[in-house]
Amino acid sequence: MLDFIKTELAGIDVRVDEPLKNYTYTKVGGPADLLAFPRSRHELQRLLTFAKTHQLEWTVLGNASNLIVRDGGIRGMVIMLEKMATITVSGYVIEAEAGANLIETTRVASRHSLTGFEFACGIPGSIGGAVFMNAGAYGGEIAHVLTSAQLLTKDGDIITLEARDLKFGYRHSAIQESGAIVLSAKFALKPGDYTQITQEMARLTHLRELKQPLELPSCGSVFKRPVGYFAGALISEAGLKGYRVGGVEVSTKHAGFMVNVDNGTATDYENLIASVIEKVKEHSGVTLETEVRIIGVSEENREE
């Protein structure tokens, strides 16, 4: 099988039965049947053609930051776009490929004295993932700066959509329902003062480091912000800081995060999330909704 794949997909970095925990920010997740790292749109289209020809399901991941992959992994082909990471600047517009690091993109903006992207200077993730979920922090979000995105549709067509067509909402975009893949995105920024921009980025980075458990594996912010509340505060008020299931616990530094402290599993994460939702509901009457994506199959389902 491996020789067949290497022949069919010659020149593309493809790995078989690759543990996804080696790539996720949580350090959990079972294997991908096939894990591919395309370097170009041409290679990406070859991979999708291969998947379609051989009736393989396929899943695209950004850099697997705001994500939990279940312990049975992901069946079919998983495509990571981290090698498609070109960032270019033209005037006040930055264009970045889907695999480009969001933090690095904000640094490129600052080096060109462009303002408007400071809010994202500490958000771990890829450009594709950030557009997909309308990532945001400190009062800013991708919808505020994005002008257009190039997508690869499920049918294999490359299209460009304006920001208004992406129907952005809180941690939501129309891409989530369409099944399309973000190829690149354009952001319109404004000329600014280099010193002020870098100082603001330093301030936000300091705030993030003070408040968030960046030193431990996590999936980032687990829950959406309930209307009129803060998820972390509700969890803290319910006495759940340090609450643990298996090797995963609610962070004692920021209750909105769940950290992998002792070889935790995706099952530990899911059970902890369910328990926190239940206990917060009992304490405050508020039902928390997850922001993190949970994908893949359980170990039991993989063996079937």
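About the criteria used
- All chains use their own residue numbering, which begins from 1 and follows the written sequence.
- Only residues with pLDDT of at least 70 are given local features in this predicted model, and only at 80 or more are side-chain atom pairs given and counted; all residues enter the totals for whole chains, interfaces and linings.
- In computing side-chain values, all of the structure's heavy atoms are included and hydrogens and water are not.
- UniProt positions are given in the numbering used here, feature names are shortened, and annotations may be inferred rather than shown by experiment.
- Only runs of H or I of at least four residues qualify as helices and only runs of E of at least two qualify as strands under DSSP, and these elements are numbered from the N terminus.
- For every residue, the accessible area obtained with a 1.4 Å probe (protein chains only) is divided by the maximum for its type, and the residue is called buried under 20%, exposed over 50%, and partly exposed between those limits.
- Whether two residues touch is decided by their heavy atoms; if any such pair falls within 4.5 Å, the residues are in contact.
- Pairing of N or O atoms within 3.5 Å defines a polar contact, subject to two protein rules: one partner must be a possible hydrogen donor and the other a possible acceptor, and residues neighboring in sequence count only if both atoms are side-chain atoms.
- Source of the domain bounds: an automatic or database domain assignment.
- Buried area is a sum: the accessible area each of two parts loses on coming together, probed at 1.4 Å, counted once for each and added.
- By convention in these notes, a salt bridge is any Lys or Arg side-chain nitrogen within 4 Å of a carboxyl oxygen on Asp or Glu.

1. Section: the UniProt feature "active site" (unreviewed entry) in the protein chain
So, step 1. Residues given the UniProt feature "active site" (unreviewed entry) here are Arg171, Ser221 and Glu291. Taking the farthest pair of C-alpha atoms as the criterion, the annotated set spanning 121 residues converges on one region, since that pair is 11.3 Å apart.
So, step 2. As for its placement among the helices and strands, Arg171 is situated in the loop between strand S12 (158–162) and helix H5 (175–178).
So, step 3. The class of Arg171 is buried, set by a relative accessible area of 14%.
So, step 4. If sequence neighbours within four positions are ignored, Arg171 has contacts with Met133, Asn134, Ala135, Gly136, Ala137, Glu141, Gln176 and Glu291.
So, step 5. A polar contact of 3.2 Å, which involves the side chain of Arg171, links it to the backbone oxygen of Asn134.
So, step 6. Turning to its location among the elements, Glu291 is positioned in the loop between helix H8 (266–284) and strand S19 (293–295).
So, step 7. A residue is classified by how much of its surface remains accessible, and Glu291, at 13% relative accessible area, is buried.
So, step 8. Excluding residues that lie within four positions of it along the chain, Glu291 makes contacts with Asn66, Met133, Tyr170, Arg171, Ser221, Val222, Phe223 and Lys224.

2. Focus on the domain arrangement of the protein chain
How large an interface is tends to be reported as the accessible area lost when its parts come together.
So, step 1. Considered domain by domain, the protein chain is made up of domain 1 (1–80), domain 2 (87–209) and domain 3 (213–295).
So, step 2. Taking only C-alpha atoms into account, the centre of domain 2 sits 26 Å from that of domain 3.
So, step 3. If you look at the interface, domain 2 gives six residues, while domain 3 gives six residues.
So, step 4. Summed over both partners, the interface of domain 2 with domain 3 buries about 540 Å², with 61% contributed by carbon and sulfur atoms.
So, step 5. Across the domain 2-domain 3 interface, the total number found is one salt bridge.
So, step 6. Notably, a salt bridge pairs Glu291 with Arg171, separated by 3.7 Å at the nearest N-O pair.
So, step 7. Inspection of the domain 2/domain 3 interface yields two residue pairs in polar contact (both at pLDDT 80 or more).

3. Considering the pattern of salt bridges
So, step 1. Across all of its chains, the model carries 10 salt bridges by this definition.
So, step 2. Here Glu270 and Arg70 are joined by a salt bridge, their closest N and O atoms 2.9 Å apart. With Glu270 in helix H8 and Arg70 in the loop between strand S4 (67–69) and strand S5 (74–80), this pair connects stretches of sequence that are 200 residues apart.
So, step 3. Owing to a relative accessible area of 25%, Glu270 belongs among the partly exposed residues under this scheme.
So, step 4. For Arg70, a relative accessible area of 25% gives the class partly exposed.
So, step 5. With its nearest N and O atoms 3.8 Å apart, the salt bridge here joins Glu215 to Lys253. Here Glu215, found in the loop between helix H6 (194–211) and strand S15 (218–221), pairs with Lys253, found in the loop between strand S17 (248–250) and strand S18 (257–260); they are 38 residues apart in sequence, far enough to count as distant.
So, step 6. Its relative accessible area of 55% is what places Glu215 among the exposed residues.
So, step 7. Overall, the relative accessible area of 34% leaves Lys253 in the partly exposed class.
So, step 8. One salt-bridge network, in which partners are shared between bridges, spans Asp13, Arg15 and Lys83.

4. Some points on the environment of His144
So, step 1. Turning to its location among the elements, His144 is positioned in the loop between strand S10 (140–141) and strand S11 (146–152).
So, step 2. Separated by 57 residues in sequence, His144 and Met201 have C-alpha atoms that sit 17 Å apart.

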